[in-house]
Amino acid sequence: MPPPSDIVKVAIEWPGAFPRLMEIDQKKPLSSIIKEVCDGWSLLSHEKYALQHADSSGFYITEKNRNEIKNGAILRLTSSPTHNALQLHERIQSSSMDVKLESLKDLAKLSRDITFAQEFINLDGISLLTQMVESGNERYQKLQKIMKPCFGEMLSFTLTAFVELMDHGIVSWDTFSVAFIKKIASYVNKSAMDVSILQRSLAILESMVLNSHDLYQKVAQEITIGQLIPHLQGTDQEIQTYTIAVINALFLKAPDDKRQEMANILAQKQLRSIILTHVIRAQRAINNEMAHQLYVLQVLTFNLLEDRMMTKMDPQDQAQRDIIFELRRIAFDVEPEQNNIGGSIEKRKSMYTRDYKKLGFTNNVNPALDFTHTPPGMLALDNMLYFAKHHQDAYIRIVLENSSREDKHECPFGRSSIELTKMLCEILKVGELPSETCNDFHPMFFTHDRSFEEFFCICIQLLNKTWKEMRATSEDFNKVMQVVKEQIMRALTNKPSSLDQFKCRLQNLSYTEILKIRQSERMNQEDFQSRPILELKEKIQPEIIELIKQQRLNRLVEGTCFRKINSRRRQDKFWYCRLSPNHKVLHYGDVEESPQGEIPHDSLQDKLPVADIKAIVTGKDCPHMKEKGALKQNKDILELAFSVMYDSNCQLNFIAPDKHEYCIWTDGLNALLGRDMISDLTRNDLDTLLSMEIKLRLLDLENIQIPDVPPPIPKEPSNYDFVYDCN
């Protein structure tokens, strides 16, 4: 008799018959189990049948995934993937419009299953779909005027099936013809097109550009920015998201010498202004996918600065030297002609050296040498010139104000600008590729065509203000830069909607305020180090840990929606997992879209008893990270991955939406198994709650110094005559 762990009790459905309850021996071949089921209903040719999940996913049971079947699962006996693929391959070529449409609907649904997809692709199904798209269904296109809704539906389901099949990564994108690209591009370029067709066409173009260098060239010839702009001016956020995704893909895959040209075209078409008006400031919430695409566009835009950031100044280049002369002229109102009139060479050199020192260059004799280090290279000089020309009064005030101070107290404008530019490039990660999972875009950078330069202008004035508040000297330069970085990072945390709002936020983050914040955080993190406080912390720490544990488990009971991500591209596919209120079972299952609230337990078909969980693994130790080579290289996804191991070689794989949810779930699962919660979030919560609890308990001792050691125990008295005798 097989061991209990190899036996799974399930219910199996068959149309027109009562469901059968049976036990599946996981050691038996799947074909034998299917034959046994078919014999029970007297069905012949068992090789034409297969088992699939009866839930909304409808995925086929195979030898590879059969271990995922849980006790109590509901399965369905249905036609085998091979039989279904042959049947649909034939029916989508039917001359009957109704048969063709229903077949395409079934194909679009079944293509989500990789087992069916492999069978359909083996029948050269992708080529059949592309031919149908290329021909434009000419037989029916003639009837389009009188049957337009039907034609639109057919095309929509054809493209949906194509997208689902290609999502499995079985077929290379390099195999598609120019005619197919032209046809897909024509659906995007049409002013009035069905929303579902437009959405899928944009998704196909994005995948083509991202997955094939040759197709990028062809798509770029068919699609212009001007043709994409109208889709951003509509009200459908999903269409807007796919449109920005296509623009990002074209931007990302453009050759280095073409990116600046493309950026110029985007500027001419007022893309920034359109996104600001119709997306960021539209009266609706921005979903995660849109936030990600805006973040990618922000990163790609700032990456245009990389070339200047990594370009050293050539001290012999007269055009570059003229920029430094221009900075001197604006600051001190010196006419260029005067530079060569009157006085000896030594006198003119002395005059230049004096002015360059006032401008705060490290090398007073030849300031061009200050810009030979990369980063920030020539980008720093570009920022200084922009500040001098567009904020001339502030520039002159800073230079003259510091040149009138004592040498040790002056804030060197040149050196400060160079170091600040380098810092801003680090903060904005200039030159780095966008993360696959990050949604961290800043609305204020979409409010100005020269947002980086304006960002610099605000921050250089902040630096000068902070320098004065700290009464800094040249020896304090690095300390000032650290404070300025903290001010900038704290102001960015609130995602100001405009540069003016960012500037106002900085006004409230003076050096004095930063000191207060630091002091408060230090108290929260370190508390007091005296022995009584440490003993008090040790006493109350178990209570706090238990409180955190209950919070984590409560969050698992609420559940979380997880996004399915593969190595090729982001997908709008989700699944939901939550813990039962009695903390005994994990309920999970696929969902059509990201839910707005909790999903009831009974709507989640799959279950995993907590008692069956053997281990929790994270990062590169997860099975789904080892299987997908591309994901293994993505640090951001690796940091969000974890797996629940159960039974023998079975696992439930997760990729958390963000770091916070990752910590919540790994903590909660470890707590369920009676293990320590070791995440950064737990450490932070423990420090915060401990600090708050200690401060509450010590309120009555405010302003009373607590000794580091307990007072000494007094000597015993010579006699105890003072003790009251009750007798």
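Predicted model only: the values in this text are computed from it and were never measured.

Undergrad: I keep staring at the overall build of the chain and nothing clicks. Help me out?
TA: Of regular secondary structure, the chain possesses 31 helices and eleven strands. Out of the 727 residues in the chain, the part that is buried amounts to 47%. A separation threshold of at least 6 residues defines the contact pool for the chain, and within that pool the share at least 24 residues apart is 67%. With an accessible surface of roughly 37,700 Å², the chain has 50% of that area assigned to carbon and sulfur atoms.

Undergrad: What is the right way to read the pattern of salt bridges from this model?
TA: A pair can form between side chains of opposite charge whenever their charged atoms are brought close. A full pass over the atoms with the stated rule returns 27 salt bridges. For Arg563, the salt bridge goes to Glu289, with nearest N and O atoms at 3.7 Å. With a gap of 274 residues between them, Arg563 in strand 5 (residues 560-565) and Glu289 in helix 15 (residues 288-302) connect regions that are remote in the sequence. Pair check on accessibility: Arg563 and Glu289 agree, each one buried.

Undergrad: Would you explain the side chain of Gln320 in this entry?
TA: Residue placement: Gln320 occurs in helix 17 (residues 318-332). Beyond its immediate chain neighbours, meaning those up to four positions away, Gln320 contacts Met313, Asp314, Met378 and Leu381.

Undergrad: How do you make sense of helix 9 (residues 195-211) when you look at a structure like this?
TA: Residues three or four positions apart in an α-helix share a direction because the helix packs 3.6 residues into each turn. End to end, helix 9 covers 24 Å across 17 residues, agreeing with the expected 24 Å (1.5 Å per residue, within 8%). For helix 9, the buried fraction is high: 13 of the 17 residues fall into the buried class.

Undergrad: In this structure, what is going on with empty space enclosed by the protein? I would like to understand it.
TA: Remark: the empty space left among the atoms is shown by a probe the size of a water molecule rolled over them. Counted according to the given criterion, the structure contains two cavities of 30 Å³ or more. By volume, the largest cavity amounts to about 70 Å³. Taken together, His53, Ala54, Asp55, Ala73, Ile74, Gln605 and Asp606 make up the lining of the largest cavity. When its residues are assigned to classes, the lining of the largest cavity shows three nonpolar, two polar and two charged.

Undergrad: Sorry, what's going on with unusual backbone geometry here?
TA: The bulk of non-glycine residues show a negative phi, and the bulk of peptide bonds are trans. Here Thr374 and Pro375 are connected by a cis peptide whose omega angle stands at -20°. In this fold, Pro375 is placed in the loop between helix 18 (345-358) and helix 19 (378-390). For the bond from Pro375 to Pro376, the omega torsion is 10°, close enough to zero to count as cis. Here Pro376 lies in the loop between helix 18 and helix 19. The residue Arg471 is not glycine, and still its phi comes out positive at about 50°. Inspection of the secondary structure puts Arg471 in the loop between helix 22 (451-470) and helix 23 (477-493).

Undergrad: Would you explain the environment of Met677 in this entry?
TA: Inspection of the secondary structure puts Met677 in the loop between helix 30 (659-672) and helix 31 (680-697). A residue is classified by how much of its surface remains accessible, and Met677, at 15% relative accessible area, is buried. Met677 has contacts with Ile545, Ile548, Lys549, Arg552, Asp667, Ala671 and Thr682, leaving out every residue within four places of it along the chain.

Undergrad: What am I meant to see in the nonpolar core here?
TA: Proteins that are soluble and globular tend to have nonpolar side chains buried together. Core analysis: the biggest nonpolar cluster contains 82 residues, and Leu107, Leu129, Phe162, Ile204, Met208, Ile275 and Leu294 have the highest contact counts within it. When residues of this core are assigned to their parent elements, the largest contribution, nine residues, is made by helix 7 (residues 148-166). The residues contacting Leu107, other than those within four sequence positions of it, are Leu88, Ile92, Phe116, Phe120, Leu129 and Ala161.

Undergrad: So what exactly am I meant to see when it comes to the packing of helix 19 against helix 22 here?
TA: Packed helices, taken two at a time, are described by the angle their axes make and the gap between the axes. In contact at an axis separation of 9 Å, helix 19 and helix 22 are set at 75° when each is read in the N-to-C sense. What the angle tells us is that helix 19 and helix 22 run roughly perpendicular. Residues Leu379, Asn383, Met384, Tyr386 and Phe387 of helix 19 lie in contact with helix 22, whose contacting residues are Phe452, Glu453, Glu454, Phe456, Cys457, Ile460 and Gln461. When grouped by side-chain class, the residues that make up the contact of helix 19 with helix 22 number eight nonpolar, two polar and two charged.

Undergrad: Even after reading the chapter, I still don't get the sheet that holds strand 11 (residues 650-655), so can you show me in this structure?
TA: The strands that make up a sheet pair up through hydrogen bonds in the backbone, lying either parallel or antiparallel. Taken together, the three strands give an open sheet; going across it, the order is 9-10-11, and neighbouring strands pair in antiparallel fashion. Because the sheet does not close on itself, it has two edges, and the strands there are strand 9 (613-618) and strand 11. When the angles between neighbouring strand axes are averaged without regard to direction, this sheet yields 20°. Pairing of strand 9 with strand 10 (residues 641-646), which is carried by five bridges, proceeds in the antiparallel orientation. Bridge pairing in strand 10 places Val617 opposite Ser643. Its contacts with the sheet place helix 30 against strand 9, strand 10 and strand 11, and it is angled at close to 20° to strand 10.

About the cut-offs
Residues numbered from 1 in each chain as written. Predicted model: local features only at pLDDT ≥ 70, side-chain atom pairs only at ≥ 80, totals over all residues. Heavy atoms only, no water. Helix = DSSP H or I, 4+ residues; strand = E, 2+ residues; numbered from the N terminus. Buried < 20%, exposed > 50% of the residue type's maximum accessible area, 1.4 Å probe, protein only. Contact = heavy atoms within 4.5 Å. Areas by Shrake-Rupley, 256 points an atom, 1.4 Å probe, with all protein chains shown as cover. Salt bridge = Lys/Arg side-chain N within 4 Å of Asp/Glu carboxyl O. Expected span 1.5 Å × (residues − 1). 1 Å grid on protein atoms, 1.4 Å probe; cavity = no way out; pocket = protein on both sides within 12 Å on 5 of 7 lines; lining within 4 Å. Points joined across faces, edges and corners; volume = space filled by probe spheres on them. Nonpolar A, V, L, I, M, F, W, Y, C, P; charged D, E, K, R; others polar. Core = buried A, V, L, I, M, F, W, Y, C linked by side-chain atoms within 4.5 Å. Axes fitted to C-alpha atoms, helices over the stretch in contact; angles between N-to-C directions. Parallel < 35°, antiparallel > 145°, perpendicular 65-115°, else oblique. Pairing = 2+ DSSP bridges.

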